[in-house]
Each structure stands twice: as structure tokens, then as C-alpha cells.
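# Tertiary structure, described
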Amino acid sequence: MSRTLRLLITGGGTGGHTYPALTTLAAVQRRQLPHDVLWVGTASGLEARITAEHGIPFKAITTGKLRRRPNLRELGTNIADVFRIPVGVFQAIGHAARFLPDVVLSTGGYVAVPIGVAAKLIRRPLVMHEQTTVVGLANRILARLATRIALSHESSLDHLPASARAKAVVTGNPIRPELLQGNRAAAYDLFGLTFEVPLIYVTGGAQGSKQINTLVAEILPRLLQHAQVVHQCGPAWIDQMRAVELPPALADRYHPVPYVGGELADLFAAADVVISRSGAGTVSELTAIGKPSVLIPLIPTGGDEQRKNARYLAEAGAARALLEPRPTGEMLLAELAPLLADPELRHMMGQAAAELGRLDAAEALCDLLMEAAGHGAPSHPGPGAPGPR
């Protein structure tokens, strides 16, 4: 009988750091390997809520974020965070020393640095995962401490310290396997869609995006002449988007919703084009399911990562991207028009996106954890087949 794997997970703050860790834990659980898990994060981060929802043991620590070019408003917070960081390190050492993990998985965010330091001090292997094309500051620090480094993109190698590159392997970015099992017909039934025109799925994230919502509202009357739209606009925007004035003959083609939950896989399967931000998680999902997209990166983000992600997909022929700091509705319409008019172009872009995707990323990262923990790397079951597109 296999010995119990003791896995300590750290990472969070946002979904981009939290969900890859959760998906990798699910891959560990699918192997039916005896295991104990502890997640260490911040009390205010998304990871606190997600672990509570999934019944995962959780410990909170104090941490701070060092802003490299703080403005006057942030300067006081920066000074306070300097004092929080050593407190977090001592808390992390305490949690790690009591739990004594076989391996530590870090998926990024500033909370990961204290646990990475703790793993080094108590001599436990650290597997670090980077979701973005550009390695963030926290992970550049951890790269020097990590036993193994998992990257989502080959191009990230150039952003690692030279001394750390030999430890790196490209695994891809884990995505939820249920996103590969979407049912196109279910989405058409749910939203009352038509087969007369292509379907655009618009999303700005769980809370919606003011920029994306404004751009879509500006072009909606013209856009609906050529497409139907399911628009996840965010709870704060739903009344405003429902109030957009539309030609009566086209109004039935627009479907604003505040939030998309379990139906996301079906929407992805049904969508002909996706309009979205270009965060690491979104890019990983679009490439895994092979969807053409028009990307509107959030600018600025740390290291300008969203614009770099969008450019990466656009240069590969997998997406179109509005890389200007202040894109207009006309620019968005110009990018959409060729895609809506040409099914073959959509198909070619979808294929290009799929070539960048990694369906087995969670299993590959799980293998890396097993290897670092001394459990070997058993062959993993293949991921589910993609649903209809």
C-alpha cells in the first residue's frame, strides 16, 4: 500500500493563482493515492473561500506586496507591507514545520514567497508553477529556491534566472477538466439561441469589465445584424446592459447575464468566437478548448502580462487582439467582422489555438509533484475528450 502523500499548497489572491492549484489537487485525488493536504494562503484571498467550499484544510498567514514603483497613495501601504513580510515568514515556517509536507506546491501570488522560504528552511522539496508567459516577481524569487519549476509556456524560460532554467519543465497551465465536456445543444436550449448567425460569448470575468461592457454596448446594434451574443457582464452591470436600446427585430439575439457558473463549459462548446480579457487562466482555457477569440487585455497589469499573453496568441494566429491602451468600439467591430463572415477563418484560428493548448497540464504537474516527493511519477489517465465545438 502506498504511503500517504503529505502535500502543502500555497498560492492565491486571484483565480489565476488559485484554480490551477485546485485543479492539480483534483488530479492527485483522481489517482486515489492516500494523501493529506494543507493549503496556506491569506484570509482575504480567493483561496480562503475556495478551500472552505471544497472542505480543504486551510491556514492563513500575513503577507505583503512590494510595489516596485509605488505612487504616493501606495507608499504608506508599501512601508507597512515591509513589516508584514517577516511576520508572514515566521507564520509560514510554523505551519510548514508542524505539517512536515513531502512536497510543497506553489502557484504564485505574494503569499507563496513566505512558504517557499519555509520549504527551503525545513528542507522540503518545492515545486513552483508559473501561469503567465512573463514570470512575476514572486516567482522569480521562488525560482532560486524551487526544486522543480513548472511553466505554462516555453517562452517563460527566458524570464527565469539563468541558474534556475535547468530545473524547469513546460507542463502547461491546469484547467478544470469539466470545461472540456461542454454540450453545445444545452447552451442553445438554455439561452434560446438560433442557428441563423454565429454566437459570440463575451466575458470580462466574474465581476464583469467596464471597458468590455462599454465597447460592446457601443457596437451592439450593428453587431447583432451579424451575430447573437451571450454577454456575461457582471452583477453590477446587468440592469445597464439590459437597458441598451436595440432594434426590436434584433433584440432577441442579445442575452446579457450577470454571472456564468456551471453552464460555462456548454457556452464554450457553443461559442463561435469569444471576446475576453487575456489573463493566464483565460488564455489556457481558450487554447485547451481551441476557440478563436478577440482579446482585450487589461492594461496595465503586473509586467503588462495580459498584453503579452494577447500578443502571444495573436502572433500564433490563435486570436485577434486590441493591444492599444484605449481601444474603441470601431476597433472591436473591425476585428470581429472577418471572423463572423468566414467560418473557415474561425476554424483555422481554433486549430491554431488548440495547438497551443495543453489538455494534460494538471496531470503533468501532478507527475512532477510525485517525482519531487519521492513517490515516482506513475502514468496518468488521459484527460477527457473535448466536447463539441
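Structure: see above.
What counts as what
- Residues numbered from 1 in each chain as written.
- Predicted model: local features only at pLDDT ≥ 70, side-chain atom pairs only at ≥ 80, totals over all residues.
- Heavy atoms only, no water.
- Core = buried A, V, L, I, M, F, W, Y, C linked by side-chain atoms within 4.5 Å.
- Buried < 20%, exposed > 50% of the residue type's maximum accessible area, 1.4 Å probe, protein only.
- Helix = DSSP H or I, 4+ residues; strand = E, 2+ residues; numbered from the N terminus.
- Contact = heavy atoms within 4.5 Å.
- Expected span 1.5 Å × (residues − 1).
- Pairing = 2+ DSSP bridges.
- Right-handed = clockwise from strand over helix to strand, strands pointing away.
- Axes fitted to C-alpha atoms, helices over the stretch in contact; angles between N-to-C directions.
- Parallel < 35°, antiparallel > 145°, perpendicular 65-115°, else oblique.
- Left-handed = near helix turned anticlockwise from the far one by under 90°.

Turning our eyes to something else, we now look at the nonpolar core. By size, the foremost hydrophobic cluster in this structure holds 31 residues, and its most contacted members are Tyr 201, Val 230 and Phe 268. When contributions to this core are tallied by element, the ones reaching two or more residues are α6 (184–191), β8 (199–203), α9 (264–270), α10 (280–289), α11 (305–315), β13 (319–321) and α13 (343–356). Per-element accounting of this core gives the leading share, five residues, to α9. Sequence-distant contacts of Phe 268, defined by excluding residues within four places in its chain, comprise Leu 179, Tyr 201, Val 274, Glu 285, Leu 286, Ile 289 and Lys 291. Counting 30 residues, the second-largest nonpolar core is a separate cluster that includes Ile 212, Val 244, Tyr 254 and Leu 336.

A few words now on helix α12 (residues 329–341). It helps to recall that an α-helix has 3.6 residues per turn; residues three or four apart then point in one direction. For α12, with 13 residues, the first-to-last C-alpha span of 18 Å sits near the 18 Å given by 1.5 Å per residue. Of the residues making up α12, those classed as buried are Gly 329, Leu 332, Leu 333, Glu 335, Leu 336, Leu 339 and Leu 340. Among the structural elements, β8, α7 (210–223), β11 (273–276), β12 (293–295), β13 and α13 are those in contact with the buried residues of α12.

With that out of the way, let us pick up the pairing of strand β5 (residues 126–130). In terms of residue burial, β5 counts as a mostly covered element, since five of its five residues are buried. Sheet analysis places strand β4 (residues 103–106) next to β5, joined by three bridges and oriented parallel. Paired with Leu 105 across the strands is Val 127, a residue of β5. In the classification by handedness, the crossover that spans β4, the intervening helix α4 (residues 112–121) and the parallel β5 is right-handed. As defined by bridge partners, β5 adjoins strand β6 (residues 148–151) across four bridges and the pair is classed as parallel. From the neighbouring strand, Val 127 faces β6, where its bridge partner is Arg 148. After leaving β5, the chain enters helix α5 (residues 137–143) and then returns to the sheet as β6, a path that is right-handed.

We now examine the packing of helix α1 (residues 15–30) against helix α2 (residues 46–54). Put simply, α1 and α2 touch, their axes get as near as 9 Å, and they point 30° apart. For the element pair α1 / α2, the angle class is roughly parallel. As α1 runs across α2, the sense of the crossing is right-handed. Counted together, Gly 15, Thr 18, Tyr 19 and Leu 22 of α1 and Leu 46, Glu 47, Ile 50 and His 54 of α2 form the full contact between these two elements.

Between its terminal C-alpha atoms helix α14 (residues 361–373) stretches 18 Å, which fits the 18 Å expected from 13 residues at 1.5 Å a residue. Among the 13 residues that make up α14, twelve are buried, leaving the element largely enclosed by the rest of the structure. Elements that come into contact with the buried residues of α14 comprise β1 (5–10), α1, β4, β5, β6 and β7 (168–170). In the stretch just after α14, Gly 374 is the one whose phi turns positive, near 80°.

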